[in-house]
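Survey of secondary and tertiary structure
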Amino acid sequence: MKRIGVLTSGGDCSGINATLKAIVEEAYKNNIRVTGFLEGYNGLVNNLAIELTPLQVSGILQRGGTILMTSRCEEFMQESGFKKALKTLEEEKIEGLIVIGGDGSLRGAKKLAESGIVCVGIPESIDNDIYGTDMALGVDTALNIITNAIDIIRDTASSHKRAFVIETMGRESGYLALMSAMASGAEAVLIPEVEYDIDSIMNRLKQEHERGRKYSIVVVAEGVKKTQEVTEKLKKEVGFDTRVTILGHIQRGGNPSVFDRTLGMRLGIKAVQSLINKKFGMVGLQGSDIKNVAFDVVFSNKKVFSQMMLEFARLKSR
Ligand code: F6P
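Given the structure is predicted, the values throughout are model-derived calculations rather than measurements.

Let's shift gears to the UniProt feature "active site" (unreviewed entry) in the chain. When the UniProt feature table is mapped onto this chain numbering, "active site" (unreviewed entry) sits at Asp127. You can see Asp127 is positioned in the loop between β5 (119-123) and α6 (139-160). By relative accessible area, which is 10% here, Asp127 ends up buried. Not counting residues within four places of it along the chain, the set of residues in contact with Asp127 comprises Gly170, Arg171, Ser173 and Tyr175.

With that settled, consider helix α9 (residues 227-238). Compared with the 16 Å implied by 1.5 Å per residue over 12 residues, the 16 Å span of α9 between its first and last C-alpha is a close match. Buried within α9 are the following residues: Thr227, Val230, Thr231, Lys233, Leu234 and Val238. Buried residues along α9 cover an arc of 165° about the axis, so they all sit on one side. Along α9, exposed side chains directed more than 90 degrees from the buried face belong to Gln228 and Lys236. Its buried side turned inward, α9 meets β6 (162-168), β7 (188-190), α8 (198-210), β8 (216-221) and β9 (241-246).

Taken together, Arg72, Ile126, Asp127, Met169, Gly170, Arg171, Glu222, His249 and Arg252 are the residues near the ligand. Side-chain polar atom of Arg72 to an oxygen atom of the ligand: 2.5 Å apart, as the coordinates give it. Here an oxygen atom of the ligand sits 2.9 Å away from a polar atom, N or O, in the side chain of His249. About the coverage of the ligand: the protein hides 74% of its 400 Å² of free accessible area. When the residues that make up the shell around the ligand are grouped by side-chain class, the tally is 2 nonpolar, 2 polar and 5 charged.

The next thing to look at is the sheet that holds β7. Across a sheet, paired strands are connected by hydrogen bonds in the backbone, their directions being either parallel or antiparallel. Taken together, 4 strands build an open sheet; the order of strands is β7-β8-β6-β9 and the sheet is parallel. Two strands close off the open sheet at either side, each with one partner strand: β7 and β9. Taken over all neighbouring pairs, the strand axes of this sheet differ in orientation by 15° on average, direction set aside. Pairing geometry for β6 and β8, over 6 bridges, is parallel. Opposite Val165, over in β8, you have Val218 as the bridge partner. Packed onto the sheet, α8 meets β7 and β8 and runs at close to 170° relative to β7.

Before going further, it helps to spend a moment on the environment of Ala157. Position of Ala157 among the secondary structure elements: in helix α6. Residue class for Ala157 comes out buried when judged on its relative accessible area of 0%.

The strand order β3-β2-β1-β4-β5-β10-β11 describes an open sheet built from 7 strands, whose pairing is mixed. Unpaired on one side and paired on the other, β3 (49-52) and β11 (289-293) mark the two borders of the sheet. Sheet twist, expressed as the mean angle between neighbouring strand axes with direction ignored, is 30°. Direction of pairing for strand β1 (residues 3-8) relative to strand β2 (residues 33-37): parallel, over a ladder of 5 bridges. Each bridged residue has a counterpart across the sheet, and for Arg3 the counterpart in β2 is Arg33. Contacting β1, β4 (96-101), β5, β10 (281-286) and β11, helix α10 (residues 258-276) crosses the sheet at an angle of about 140° to β10.

The next thing to look at is the pairing of β1. With 6 of 6 residues buried, β1 is to be regarded as a mostly interior element. The sheet contact formed by β1 and β4 spans 5 bridges and is parallel. Residue pairing across strands places Gly5 opposite Leu97, the latter belonging to β4.

Here the focus is the nonpolar core. By size, the foremost hydrophobic cluster in this structure holds 61 residues, and its most contacted members are Ile4, Val6, Ile98, Ile191 and Ile217. The residues contacting Ile98, other than those within four sequence positions of it, are Ile4, Gly5, Val6, Leu7, Ile23, Val120, Ile122, Ala271, Val272 and Leu275. Core analysis: the second largest hydrophobic core is formed by 23 residues, Tyr41, Ala85, Leu112 and Phe295 among them.

Definitions and cut-offs
Residues numbered from 1 in each chain as written. Predicted model: local features only at pLDDT ≥ 70, side-chain atom pairs only at ≥ 80, totals over all residues. Heavy atoms only, no water. UniProt positions renumbered as here; feature names shortened; annotations may be inferred. Helix = DSSP H or I, 4+ residues; strand = E, 2+ residues; numbered from the N terminus. Buried < 20%, exposed > 50% of the residue type's maximum accessible area, 1.4 Å probe, protein only. Contact = heavy atoms within 4.5 Å. Expected span 1.5 Å × (residues − 1). Arc of directions from axis to C-beta. Near = heavy atom within 4 Å. Polar contact = N/O pair within 3.5 Å; in protein donor to acceptor, adjacent residues only side chain to side chain. Areas by Shrake-Rupley, 256 points an atom, 1.4 Å probe, with all protein chains shown as cover. Nonpolar A, V, L, I, M, F, W, Y, C, P; charged D, E, K, R; others polar. Pairing = 2+ DSSP bridges. Axes fitted to C-alpha atoms, helices over the stretch in contact; angles between N-to-C directions. Core = buried A, V, L, I, M, F, W, Y, C linked by side-chain atoms within 4.5 Å.

Next comes the structure, spelled out in structure tokens:
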């Protein structure tokens with residue numbers, strides 16, 4: 001194997017640059033050169049190839065975002081765009097491709113693999129909704145950002161005797177909301193995976209309020225789409241002066257945590273080794289090891305919460 005390619009696709013997160021550094025360094029150790037494709041699958045469709053050398057990836061480990069840039073590329077999903085992508089891989093003499101991305105991007109990698117491209121996927125998404133990896137890249141950094149934000153908000157909430165509704169990202173996954181609610185001691189949490197009872201939450205918070213509780217923090221996953229309703233009810237039914245904080249894209253940037261730096265490096269090394277050893281599919285964190293997981297296994301299973309986390313969610317959502 002003389003040359004491999006790499007691209008970063010879908011929503012970005014922290015830890016991707018550490019992964020790119022590990023990929024390039026591991027490839028060079030094995031006398032393999034690396035082509036980076038800019039802007040995700042758009043870089044394959046429109047041949048936006050650049051040479052990635054160890055020098056180019058030095059000093060990037062601690063930076064958020066992705067030096068390769070990213071996109072959600074519609075054209076790649078069309079047959080004509082997909083054919084252009086295959087042509088680019090041939091033109092650039094790519095013998096193996098690493099795709100760093102979330103669910104949709106890894107499905108693209110699976111499609112490439114089914115067309116005969118030697119392909120390895122690295123799971124990256126703050127949503128942590130990818131089966132086959134305990135943690136996707138970027139989740140830990142996002143959780144730290146959210147938890148810090150809730151700690152900060154708690155200071156002002158308690159000073160003003162207010163309730164705060166905090167909306168987290170995650171699409172249809174409530175992982176960020178649930179874990180940050182646990183880590184920050186939020187009074188209530190709403191996630192798509194667990195049935196919630198807003199009226200019962202309000203009764204509980206009202207009773208606590210009447211017993212002297214000065215403030216309340218309610219974390220709502222964006223996927224439940226109840227931020228406004230919960231805010232109105234906290235005002236009208238519980239009697240709290242209430243504010244909303246939608247955390248938004250601050251959850252996707254910033255310097256990666258130590259966990260995401262080391263996870264990214266380990267996934268990057270394993271991805272290159274997998275290409276060399278012809279073990280295709282996704283690489284993921286399972287327990288304390290980085291393992292190979294077939295794309296079919298990734299996409300025919302659904303990631304679920306542990307029993308303990310489900311019970312915690314039930315307790316906090318009524
Ligand atoms: O999938 C990652 C994610 O950050 C989701 O949590 C969120 O819903 C979405 O991407 C936001 O997408 P965009 O950056 O395109 O607004």
